[in-house]
Every structure is written in structure tokens, then in C-alpha cells.
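Chain by chain, the residues:
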Amino acid sequence: MTTWKDYRLRKRLFWGGFLLWMPLGILINAFGEAIECSWLVTAYAISWMFGWAIVGVWLARLRCPKCNYLFFIHGPFGMGNVWAGHCYHCGARPPKTEA
């Protein structure tokens, strides 16, 4: 898998997790109430937090295809921003079209 395709996959999973957590939580809550299971929403919330954190770390560990440094991480203490759309080291941006 090329790096830009990997970038798109990781970004889609990251944004998908961000945008779908509430609608899925509402559905799971309704299902939990229907079967009288009070712990189902708590289990979903905890598992979603762990899953989204893992995807976030996986996204943050992406290497830039141009400079081979970590795409989203900069600074001496590993600070970064996974919401950024460019490499912190060389300024590379992913291509607009799928390659």
C-alpha cells in the first residue's frame, strides 16, 4: 500500500470514528433499553474510546513519503496535530486525487 493510500485509510477511519460515535451510541442505547441491559452503553463507550485512541495513534505514526519523518508529529516532546493537512517537516500535502 502506498503511503498516500495509507494516509487516506487512516484519516477515513479517524473521521469515521469521530462522526459515528454518537449515532451508534444512540442505537446501542435504544437496543440496550429494549433488552433491559443497562451496561451495554457503558461497554460501548469504553470500547469506542480505546478503539478511537488506537486509530489516532496509528494515524499519528504515519511517515511522510517525501521526507520520511512523522507526518503529524513535530518538536522535541513529540507534540503534533492529527487534524493538520500537511507534513510538519517538509510541508507536503496529500494529492487531491486518488493515485
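Participant: Sorry if this is basic, but what is going on with the overall build of the protein here?
Facilitator: Per the secondary structure count, the protein includes two helices and two strands. In sequence order, the protein lays out its α and β elements as α-α-β-β. What you see for the protein is a C-alpha radius of gyration of 17 Å, clearly larger than the 13 Å of a compact globule of 99 residues, by over 25%. Once the C-alpha set of the protein is aligned to its principal axes, its extents read approximately 55 × 35 × 20 Å.

Participant: What should I look at first to understand the environment of Gly 56 in this one?
Facilitator: Here Gly 56 lies in helix 2 (residues 40-60). Separated by 45 residues in sequence, Gly 56 and Lys 11 have C-alpha atoms that sit 8.9 Å apart. Residues contacting Gly 56, with those up to four places away along its chain left out, are Phe 14 and Val 82.

Participant: In this structure, what is going on with helix 1 (residues 3-34)? I would like to understand it.
Facilitator: Since one α-helical turn is 3.6 residues long, residues separated by three or four positions face the same way. With 32 residues, helix 1 should reach 46 Å at 1.5 Å per residue; the first-to-last C-alpha distance of 44 Å fits that figure. Along helix 1, the largest kink reaches about 45° and is centred on Leu 20; proline Pro 23 follows within four residues of it. Taken together, the buried positions of helix 1 are Trp 4, Asp 6, Tyr 7, Arg 8, Arg 10, Lys 11, Phe 14, Gly 17, Gly 25 and Gly 32. Immediately downstream of helix 1, the backbone of Glu 36 shows phi near 55°, a positive value.

Participant: Please explain a nonpolar patch on the surface as it appears in this structure.
Facilitator: Judged by side-chain polarity, Trp 15, Phe 18, Leu 19, Leu 20, Leu 24, Leu 27 and Trp 83 come together as a nonpolar surface patch covering roughly 700 Å² of accessible area. Structurally, the position occupied by Leu 20 is in helix 1.

Participant: Sorry, what's going on with the nonpolar core here?
Facilitator: Note on soluble globular proteins: their nonpolar side chains tend to be buried together. Residues Tyr 7, Phe 71, Phe 72 and Val 82 are the most contacted members of the largest nonpolar core, which totals 14 residues. Secondary structure elements with two or more residues in this core: helix 1 and helix 2. Setting aside chain neighbours within four positions, we find Phe 71 in contact with Trp 4, Tyr 7, Leu 62, Arg 63, Cys 64, Gly 85, His 86, Cys 87, Tyr 88, Ala 92 and Pro 94.

Participant: Would you explain helix 2 in this entry?
Facilitator: In this model, helix 2 (21 residues) spans 30 Å end to end at C-alpha, consistent with the 30 Å of a helix rising 1.5 Å per residue. When helix 2 is considered as a whole, its buried residues turn out to be Leu 40, Tyr 44, Val 55, Gly 56, Leu 59 and Ala 60. The buried residues of helix 2 occupy an angular sector of 150° when the element is viewed end-on, so they sit on one face. Turned more than 90 degrees away from the buried face of helix 2, the exposed residues are Phe 50, Ile 54 and Val 57.

Participant: Got a minute to help me understand the pattern of salt bridges in this structure?
Facilitator: It is possible for side chains bearing opposite charge to pair when their charged atoms get close. Under the definition given, this model contains one salt bridge. Notably, a salt bridge pairs Asp 6 with Arg 10, separated by 2.9 Å at the nearest N-O pair. Placement of the pair is Asp 6 and Arg 10 together in helix 1, with a separation of four residues, close to one helical turn. For the pair Asp 6 and Arg 10, one class covers both residues: buried.

Reading the values: rules and limits
Residues numbered from 1 in each chain as written. Predicted model: local features only at pLDDT ≥ 70, side-chain atom pairs only at ≥ 80, totals over all residues. Heavy atoms only, no water. Helix = DSSP H or I, 4+ residues; strand = E, 2+ residues; numbered from the N terminus. Rg over C-alpha atoms; globule rule 2.2 N^0.38 Å. Contact = heavy atoms within 4.5 Å. Expected span 1.5 Å × (residues − 1). Bend = angle between axes of the 7 residues up to and from the residue. Buried < 20%, exposed > 50% of the residue type's maximum accessible area, 1.4 Å probe, protein only. Patch = residues over 30% accessible without salt bridge, like charges linked within 9 Å, V, L, I, M, F, W, Y side chains within 5 Å. Areas by Shrake-Rupley, 256 points an atom, 1.4 Å probe, with all protein chains shown as cover. Salt bridge = Lys/Arg side-chain N within 4 Å of Asp/Glu carboxyl O. Core = buried A, V, L, I, M, F, W, Y, C linked by side-chain atoms within 4.5 Å. Arc of directions from axis to C-beta.

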